[in-house]
Structure formats: structure tokens, C-alpha cells
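Coordinate analysis (summary)
The primary structure of each chain is shown beneath.
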Amino acid sequence: MASLLLSSFTVVRRYFYEPFLRLHQALAIACIYFVWHHLPSDTVLPRLYIYIPLGIMLLAFLVELLLFTIRNGVFPPRPYSRASIRCDHAQQTSIRGKDTIPLKVRVALARPLRVQAGQYINLWIPAASLFSWAQTHPFMVTSWSPEKQDALELFVQPRKGLTETIHHRTTLDGYTSLTAFITGPYGVSKSVDHYECVLAIATDFGIAGVISYLKKLLYGYNTCTSHVRRVHFVWQVQTLDIAVAAQPLLNSLLSDDVLDDGYVG
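Residues numbered from 1 in each chain as written. Predicted model: local features only at pLDDT ≥ 70, side-chain atom pairs only at ≥ 80, totals over all residues. Heavy atoms only, no water.

**As for unusual backbone geometry**
Among all residues except glycine, the phi angle is most often negative; among peptide bonds, the trans geometry is most common. With omega at 10°, the peptide bond leading from Gly184 into Pro185 counts as cis. Considering the arrangement of structural elements, one finds Pro185 in strand β7 (residues 181-186). Even without being a glycine, Asp204 presents a positive backbone phi close to 50°. Residues other than glycine seldom take positive phi values, yet Cys224 does so here, at roughly 60°. Its location among the elements puts Cys224 in the loop between α7 (211-222) and β9 (230-236). On the basis of relative accessibility, which here comes to 66%, the residue Cys224 falls in the exposed class. (Helix = DSSP H or I, 4+ residues; strand = E, 2+ residues; numbered from the N terminus. Buried < 20%, exposed > 50% of the residue type's maximum accessible area, 1.4 Å probe, protein only.)

**Regarding the state of the cysteines**
Put plainly, two cysteines are in a disulfide when a covalent bond ties their sulfur atoms together. For the structure shown, the criterion picks out zero disulfides. There is no disulfide at Cys197, and the cysteine sulfur nearest it, in Cys224, is 18 Å away. (Disulfide = S-S within 2.5 Å.)

**So, the sheet that holds strand β2 (residues 103-113)**
The four strands are arranged β5-β2-β1-β6 in an open sheet whose pairing can be described as antiparallel. Two strands lie at the open edges of the sheet, namely β5 (149-156) and β6 (175-179), each paired on one side alone. Averaged over all pairs of adjacent strands, the angle between their axes in this sheet comes to 20°, without regard to strand direction. Note: β2 against β5, seven bridges, orientation antiparallel. Along β5, the bridge assignment pairs Arg106 with Glu153. (Pairing = 2+ DSSP bridges. Axes fitted to C-alpha atoms, helices over the stretch in contact; angles between N-to-C directions.)

**Quick look at the pairing of β6**
Two faces, one strand: in a regular strand the side chains alternate between the faces of the sheet. In β6, alternate side chains face the same way, and those of Thr176 and Leu178 are buried while those of Tyr175, Ser177 and Thr179 on the opposite face are not. Here strand β1 (residues 82-86) runs beside β6; their pairing, made up of five bridges, is antiparallel. Bridging across to β6, Arg82 finds its partner in Thr179.

**With respect to the side chain of Thr165**
Position of Thr165 relative to the elements: it lies in helix α6 (residues 162-171). Contact partners of Thr165, with chain neighbours within four places excluded, come to Ala128 and Ser129. (Contact = heavy atoms within 4.5 Å.)

**A few points about the packing of aromatic side chains**
Tallying each qualifying case throughout the model produces nine aromatic pairs. Relative to Trp36, the ring of Tyr33 lies with its centre 6.2 Å away and its plane at 35°, an arrangement referred to as tilted. With Tyr33 and Trp36 both in helix α3 (residues 17-38) and three residues apart, this pair spans about one turn of that helix. Taking relative accessible area as the criterion, Tyr33 reaches 44% and is therefore assigned partly exposed. Taking the relative accessible area as the measure of exposure, Trp36 reaches 31% and is therefore partly exposed. The interplanar angle of 40° and the centroid separation of 5.4 Å between the aromatic rings of Trp124 and Phe181 together place this pair among those described as tilted. With Trp124 in strand β3 (residues 120-124) and Phe181 in strand β7, this residue pair connects regions lying 57 residues apart in the sequence. (Phe/Tyr/Trp six-rings, centres within 6.5 Å; stacked < 30°, edge-to-face > 60°.)

**Details of the sheet that holds β7**
What the three strands build is an open sheet, ordered β4-β3-β7; its pairing is antiparallel. In this open sheet, the two edge strands, each paired with only one partner strand, are β4 (136-140) and β7. Here the strands of the sheet are splayed against their neighbours by 25° on average, with no regard to which way each runs. One ladder, built from four bridges, connects β3 with β7; its direction is antiparallel.

This is how it looks when you write it as C-alpha cells:
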């Protein structure tokens, strides 16, 4: 339990996410086993405190597995989801390193999926490398629609693990396409429809968590389904690489701001 606590610090999760995730899962299983091993075996009641949570976890796992097979076209069979990954050639020579070179990922889904503003998905690309079958990573979804989406847009910062792997795959040609699987969406979507004036602030890759909200606000303004009247967006970037890569995202917002001659933004 002490190891679980120490490995859960933010600095460990941020810089060693993939090892942290597997270590956390292994320590959790070990903790459950040791608790079960030290419970008296002559009575059933104390062990119910272990059996009941394990039963709930197993049920949740089976539900998650069922949703996974349906959403990714495993059963009933459909063409699997596919991730198209792009990295601009002009940005690949940046002297600042790969952390400042964004990856633009488009996941064509096997079945349409409804994703609320501010939610994220877990992306699994087992064919990316030899050990990528054991790696999943959460990504904010930048695309938004009031209806179910056939494809999800992601704005990714290459770090370590899965993101580093797919960055290497796109270095040569600037583009790659791989079979992908998703789970989710996860996270709580905050309601912003009842605000009249909204100030959104982001730095660097934090724009990935803001774009979907801005799209929802513009949709609410254009369709008169929300109280929003003005939207102010402040974005601070450290390098031009990020700004250039995010330009299509910002242009899509400007193209949506058409009511009253773009008065809202």
C-alpha cells in the first residue's frame, strides 16, 4: 500500500505514465492477494469483504469488455477502427525536440460514438511496435458534434511510450495509418450553456481540452440553444510549431462563428 501511494504522485504519473500504469495494476493485485491471504479461513464473513468488491470489479470488467467489442467492430464483425497520424515535415526538423512537434491523429471509428465536450478516450494501437500491445494512453478529443461522430480528432504531444512510438512511425513520410482500438469516452463534461460570457485560457497542448468546449459554445450560440453571448479565448504558446499545427483547429472555430458576422468570438 505504501508503494501504491508513492507511485501515485503526479510527477511519476506525468513522466512515467506507461510504467506507472502497469506497476499500479500489479501492486493493486498484490495488495488484494495479501489481504485475502491474511484473513481467517475458518469463517466466511471476513472474506466477503474481498469477494464482493472482486465480484463488482469482474462485472464492470465484463461490461467494459462487451462495450469494447461492440464499439471496435469485433462483434458483430466490422472493419476495425483505424488511426491516421500526421506530422508536418517542416516541423520535424525543429531543434527544440519532439515534445514541441504535435501529432494530429484522426481515428475512424468502426461504429459512431457520442463524445461530450471535455471527455477523453483511451487509445490502443497494438501494431505500433513490439510492445505496444501492452500500452494504452488517454487523449482528449478535440472534435465535437451534437450527434454521434464517425471519426474522432486528437491533438497529441509526443512524450514517451505510445506517443513516442507513433511519432517515430510518422518521421519518415509524415503520415502513417494503423489499426486502433478505443475505450471510453471517459471524464465529466461540464455544462457551459447557462453562461453569457466565457473566458477560456490554455497554454501549449492544453488547447486540446478547450477546443471541444469552444465548438459546443459556438453551436449553442448559432442554434440559440444556450445563453452564451461572448467567448474570449486566450492561448499562450512557447513555440510556433504548436501554433502552426493547431491552425486548422482555430480556423474551424472561425468558420463556425458565422452568425451576426462573427460577433460571439
